[in-house]
Amino acid sequence: MGIARNNERTANSALARVLCKKHPDWYYGTVHAEQTGVIAQTRSKQPDILIDSPRRQPVAVETEFLPARTVHQDAKQRLGLTTKGGKLIEGALAVRLPKSLATDDLNDDSVLESAQYEYAVWYLGAQGKHSRWPPTEAREPWLRGGPDELADAIEYLGLSEHQLSRGADTLEWVVKETAELLSEEANGDSLGRIAKSLHQQPGEQTERMAAAICVSAFVFHAAIEGQSKIPPLLRPEKIDRDRLLGTWEAILDVNYWPIFSVARNVLRELPLRAVQPVMGRIAKSLPRLVRLGATTYHDLTGRMFQTLITDRKFLATFYTLPESACLLAELAVERLDVDWSDRKAIGDLRIADFACGTGALLSAAQRAVYRRYRRSGGDDKDLHRALMERVLIGLDIMPAATHLTCSMLSSTHPFLAYGECEIHTLPYGVVENETHIGALDFLDSDDSLSLYITGKSMSGVKKRDRKGYTLKVPDSSCDLVIMNPPFTRSTNHEAGHAKVPVPSFAGFATSHDEQEAMSNRLKGTSPDFGHGNVGLASNFMDLGHRKLKNGGVLALVIPFAFTRGGGWAKARKALQSHYSDIHITAIASDGSEGRAFSADTGMAECLVVATKTKGNGNQPSVSYTNLTSRPRSLLEAAVEARSVRSRATQGSLVDAGTAGVRSASVIDSARELEGGLLRLPRQRGAIELPMAPLAQVAERGLVHRDINGDFAKHDKAGNPLGPARGPFTVRPILDDEVPTYPMLWAHSAARERRFVVQPDRCGDPRPGDQERANDRWERSASYLHSTLDFQLNSQSLAMCVTPEKCLGGTAWPNVIPKDRRYEIPLLLWANSTLGLILFWWSGSRQQKGRARLTITKLPGLPVLDPRALTNSQVDHCERIFEEFKNKPFLPANEAYHDETRKALDRNLLFGSTSVLQFDKAAEEGLDLLREQWCAEPSVHGGKPTRPGDWTSS
């Protein structure tokens, strides 16, 4: 055993020396080890290490050799102190030093580089509350890593969440006041022209967007003031339109077109009398915004920009949360095959976002690249020009989006000039007799028109005017494509939206003819991934695939339905055919919002990262990681990115039910059950079960649109063309009516507690359509019905029977057994615990507490194979049905304490008197599995009826 020769002072000095290699702003003068006089309150408050770099909040580092029982308290006590320069310490790092450093040669930097440290962070939150991460009660209360990981933590702590929150609040307040002044001072014609230039409809949110663009331009001007050829800011009382236009024109002569050309266009449309009050108000707010860090904390405008986007309904331009963007970017950039110390190799990369929105993903990718270069000993200032001019490609159809994206990317080093960047606004709609669909133009081309100021092509204009010229993105040219693509559908099945024939192309007030032309343009491409029923996200996957080089990385925020949705099958197949090392990250949490990586989507999402591989074989391995919550800070996101793959569960895209599931036991049991094995937790071995896809023993009925679908096509006046898709109109059953065509159409949880459910609608044949009505009845009417949208935390049944034949509707489509004797075994199995689990496992779990199967996926539902049952066993099922048909079941998520459900399970599975006669000892394993499944967030959806929360009334 070595004799201790290094005390903590020696270790701190050595660690500070190593940390200085990790960031160009960390050097003697900004990194203080064991120095007094750096804390303002008292000279005796001497931090072990203090990093006080420019444009960041200071970070204290407290260390102690293991077992280090008081180091976390030492770190906490540094919060709220101020440095000698007056900067508030809002972040502190508690580091437990390995005992080996007490005896090792600390003059050898390799010793400190190879050491593993335990650390945790203390920080002041947005409300000024002291918080520790990870919390002391966490399963792993200490993080582990080397000096690079410590440097990451210090960098993230230097981005003050408290200051970001205050700055964002102030910025939003300034935008709101400016928008109100804009509305008061500008006339309707002027506001209409401003809206048109921003591809928006006139209104409050468009005024706020215009205000945000102008505020952003002023803030960015403040950041670059002092740079060569950049004129000084105008004083608030000296602003008129000519002066401000002249100032912004001078900046445009240098560059920054996506930022200042859009703001200039807004300014040009303002009446003269409105310029001084509107722009003067912004100028007056600048000193406060600068003090709060608006010129250095470039996440500010991004965090509030999502509230300003008006076309969200159709364009689905949802805002990627900074923490989510960080997680995805770290997962993706880590895969790039590049020497991070090689400046030229980094400059040769191409990183693209073809739906850049607010620039969150590109900005996160930029930071991930810069950080790796810093850790390799480089200064990321030396990379900035190359990244802005060549590496980063950001495309969008909204001028405001490209404005903000360029602002964010430039703001990492705003004082560094660069040439033309690759952030472009693309045409959308019919422009000069040519149809454009934004970035999707690149699906069949290497180039597209780039717009900066207007929606018109400006042929013959000098390139420096940047009003319109060709942008090239060759196929197989990108190393990384990272996107949160639009989710809207390019087809429309809903009769209620007949006036919006193509929802995905209905933004910017495009006409009926434009929507049709744009849809036809998209159909003219040859997609591997794209499918109209799942939306433009699948088409953007095609775009990313086309532009990626072999070995390139595809990184997406995508609807969770990708993992199981029937319409996504094509995209899953293409991904497994052309990509390897596929990794899917989801969130196993309550509700849709908690399972989203974007702001305001209201739907669950997942992160997909994959490497494009030439000639990849079928069925590549897929890994799944299910987070318990969305990362709450950038540091947490970065730490998650380092560990998610080590915690992943292996699988394939075929059994993507793994995504979003917390319990490994539930995953294992559901997988095995699909394959015909009942493997229960704590049980040795597995029990064989005869399983089959539903399609082998029954046919599914008609989709509801084939029963009552409206007229598929309309002329321009809205008059129907041709016959209706369905021969029936559907209405409620009248009192005492005996309907000719009864239907089980909609869900009503309260009347669906028992096996037998009464019909709730009836159909009337349309005039002259009696023959088609009879044909649909003969083809589809049945006693057995399956649910499609299963609200697990309120509904009880996966299948039901009606007392007479019925047509199934939107909620309860028909299941037509190939032999009538299969009907009851299928009913009992579907409503057993194992049947419920398989429905949930097979369905998409986009919404909280809900599993959804499309009618096209219903035939693939794994069920107990009734063909394998003897006549005696089928008779036994009939007796069970008679015994249970009047017994109510609790909602599916309450199966863990539903005595009726448990009794059904016993009658089907366990003991000598059951149908399948499995060993009764295995029942204990099913009891545990039932409770584990009911505890899954995607099952209970946050309702208090989940295990552990339920109390009897």
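Residues numbered from 1 in each chain as written. Predicted model: local features only at pLDDT ≥ 70, side-chain atom pairs only at ≥ 80, totals over all residues. Heavy atoms only, no water.

(A) Structural view of the pairing of strand β13 (residues 434-437). Judged from the 4 bridges that link them, strand β12 (residues 428-431) and β13 form a sheet pairing that is antiparallel. If you follow Val431 over to β13, its bridge partner there is Glu434. (Pairing = 2+ DSSP bridges. Helix = DSSP H or I, 4+ residues; strand = E, 2+ residues; numbered from the N terminus.)

(B) Quick look at the packing of aromatic side chains. Within the structure shown, the criterion is met by 14 aromatic pairs. Residues Phe218 and Trp248 carry aromatic rings whose centres are separated by 5.9 Å and whose planes lie at 75° to one another, so their mutual orientation is edge-to-face. Highlighted residues: Phe218 in helix α7 (residues 204-224) and Trp248 in helix α8 (residues 241-254), separated in sequence by 30 residues. A residue is classified by how much of its surface remains accessible, and Trp248, at 1% relative accessible area, is buried. Here a set of aromatic residues connected by ring pairs shows up, and it is made of Phe218, Phe220, Trp248, Tyr256, Phe260 and Tyr418. The ring centre of Trp142 lies 4.7 Å from the NZ or CZ of Arg132, which sits over that ring. Sitting over the face of the ring of Phe560, Arg595 holds its NZ or CZ atom 5.0 Å from the ring centroid. (Phe/Tyr/Trp six-rings, centres within 6.5 Å; stacked < 30°, edge-to-face > 60°. Buried < 20%, exposed > 50% of the residue type's maximum accessible area, 1.4 Å probe, protein only. Lys NZ or Arg CZ within 6 Å of the ring centre and 35° of its normal.)

(C) Spotlight on the layout of surface pockets. Put simply, the second largest pocket is a space of about 1100 Å³. Taken together, 30 residues line the second largest pocket, and the ones lying closest to its centre are Glu140, Thr628, Glu640, Ser643 and Arg647. Mapped by element, the contributors of at least two residues to the lining of the second largest pocket are β7 (143-145), β21 (622-627), α21 (634-643) and α22 (664-674). Sort the elements by how many residues they give to the lining of the second largest pocket and α21 lands first, with 5 residues. (1 Å grid on protein atoms, 1.4 Å probe; cavity = no way out; pocket = protein on both sides within 12 Å on 5 of 7 lines; lining within 4 Å. Points joined across faces, edges and corners; volume = space filled by probe spheres on them.)

(D) Focus on the confidence of the model for the chain. Looking at the chain as a whole, its pLDDT mean stands at 87, while 89% of the residues score no less than 70. Counted against residues more than four places away or in other chains, residues 306-317, with its pLDDT under 50, gives 48 contacts. Taken as a whole, residues 453-468 scores under 50 in pLDDT and shows 32 contacts with residues more than four places along the chain or in a different chain. (pLDDT = per-residue confidence, 0-100. Contact = heavy atoms within 4.5 Å.)

(E) Examining the sheet that holds strand β32 (residues 782-786) more closely. If you walk across this open sheet you meet the 7 strands as β26-β35-β32-β34-β30-β31-β29, and the pairing is mixed. A strand with exactly one partner marks an edge of an open sheet, and here the two such strands are β26 (698-700) and β29 (728-732). Each strand of the sheet is rotated relative to its neighbour by a mean of 40°, with strand direction disregarded. Sheet strands in contact with helix α25 (residues 823-831) are β32, β34 (799-808) and β35 (814-817), and its direction is about 130° off that of β34. (Axes fitted to C-alpha atoms, helices over the stretch in contact; angles between N-to-C directions.)

(F) Structural view of empty space enclosed by the protein. Enumeration over the complete set of coordinates arrives at 12 cavities of 30 Å³ or more. Volume-wise, the largest cavity comes out at about 420 Å³. What lines the largest cavity is a set of 27 residues, among which His23, Arg55, Arg56, Glu155 and Arg374 lie closest to the centre. Ranked by the residues each element gives to the lining of the largest cavity, the list is headed by helix α15 (residues 360-375), at 4 residues. Considering only residue class, the lining of the largest cavity consists of 9 nonpolar, 9 polar and 9 charged. (Nonpolar A, V, L, I, M, F, W, Y, C, P; charged D, E, K, R; others polar.)

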